Amino acid sequence: ELEIMASNQKHTIVLVQHTPSFTTRSYLDFQSVNGAMDGIVKLYEHKLKDLNPGIQHITYDISDLYNYIDSLHDICALVCNPSTNVYEPKAKDW
């Protein structure tokens, strides 16, 4: 359990490219892996709100979230390893 808590506190940078256009590149900066995962969910929820502006309550399941992630041109993460002070790259399937 302590190891899981330690892994969650690793500074994480998420790199996102929404379409093939380089102008859609952005990054998100988080203090933990859990924060980064929450941030990706919030990206999806924001996209749902943009696509459905008149709907107050939108529901989705995990497969919808996975489909959104798969639809992104590119997404990856850089997770800091505190013991080496090096950011380790993580691919979309991570």
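Look up a bit, the structure's there.
Throughout what follows, the structure given in this document is the object of discussion. All of these numbers come straight from a predicted model, not from anything done at the bench.

So, the overall build of the protein
Counting its regular elements, the protein contains 3 helices and 4 strands. The order of helices and strands in the protein, counted from the N terminus, is α-β-β-α-α-β-β. Each of the three principal axes of the protein carries a C-alpha extent, and together these read 45 × 35 × 20 Å. For the protein, with 94 residues in total, the buried portion stands at 26%. Across the protein, contacts joining residues at least 24 apart in sequence account for 41% of those joining residues at least 6 apart. Entry remark: accessible area of the protein is about 6800 Å², with carbon and sulfur atoms responsible for 56%.

Section: the nonpolar core
Counting 12 residues, the largest nonpolar core is built from Val14, Val16, Phe30, Ala36, Ile40, Tyr44, Leu48, Leu65, Tyr68, Ile69, Leu72 and Ile75. Listed by contribution, the elements that provide at least two residues to this core are β1 (12-17), α2 (33-51) and α3 (62-71). In terms of residues, this core owes the most to one element, α2, which gives 4 residues. Dropping the residues within four chain positions of it, isoleucine 75 is found in contact with Val14, Leu15, Val16, Ile40, Ile69, Ala91 and Lys92.

Topic: the layout of surface pockets
The space that makes up the largest pocket amounts to roughly 320 Å³. Lining of the largest pocket is provided by 15 residues; of these, Met37, Ile40, Ile69, Lys92 and Trp94 occupy positions nearest its centre. At the level of elements, α2, α3 and β3 (74-81) are the ones that each hand at least two residues to the lining of the largest pocket. Class assignment of the residues belonging to the lining of the largest pocket gives a composition of 12 nonpolar, no polar and 3 charged. Taken as a whole, the second largest pocket spans an internal volume of roughly 190 Å³. Residue lining of the second largest pocket: His18, Leu43, Tyr44, His46, Lys47, Leu48, Asp50, Leu51, Tyr68, Ser71 and Leu72, and that is the complete set. When residues of the lining of the second largest pocket are traced back to their parent elements, those giving at least two are α2 and α3. With 7 residues, the top contributor of residues to the lining of the second largest pocket is α2. Among the residues forming the lining of the second largest pocket, the class breakdown is 6 nonpolar, 3 polar and 2 charged.

Thoughts on the packing of aromatic side chains
Taken as a whole and assessed by the stated rule, the structure comprises 2 aromatic pairs. With 5.0 Å between their ring centres and 90° between their planes, tyrosine 44 and tyrosine 60 make a pair best called edge-to-face. Of this pair, tyrosine 44 sits in helix α2 while tyrosine 60 sits in the loop between α2 and α3; the two residues are 16 residues apart in sequence, bridging distant segments of the chain. For tyrosine 60, a relative accessible area of 28% puts it in the partly exposed group. Ring plane angle 40° and centroid distance 5.0 Å describe the contact between tyrosine 44 and tyrosine 68, whose orientation is recorded as tilted. Of the two residues, tyrosine 44 sits in helix α2 while tyrosine 68 sits in helix α3, which places them 24 residues apart along the sequence. We note that tyrosine 44, like tyrosine 68, is buried.

Rules and cut-offs
- Residues numbered from 1 in each chain as written.
- Predicted model: local features only at pLDDT ≥ 70, side-chain atom pairs only at ≥ 80, totals over all residues.
- Heavy atoms only, no water.
- Helix = DSSP H or I, 4+ residues; strand = E, 2+ residues; numbered from the N terminus.
- Buried < 20%, exposed > 50% of the residue type's maximum accessible area, 1.4 Å probe, protein only.
- Contact = heavy atoms within 4.5 Å.
- Areas by Shrake-Rupley, 256 points an atom, 1.4 Å probe, with all protein chains shown as cover.
- Core = buried A, V, L, I, M, F, W, Y, C linked by side-chain atoms within 4.5 Å.
- 1 Å grid on protein atoms, 1.4 Å probe; cavity = no way out; pocket = protein on both sides within 12 Å on 5 of 7 lines; lining within 4 Å.
- Points joined across faces, edges and corners; volume = space filled by probe spheres on them.
- Nonpolar A, V, L, I, M, F, W, Y, C, P; charged D, E, K, R; others polar.
- Phe/Tyr/Trp six-rings, centres within 6.5 Å; stacked < 30°, edge-to-face > 60°.

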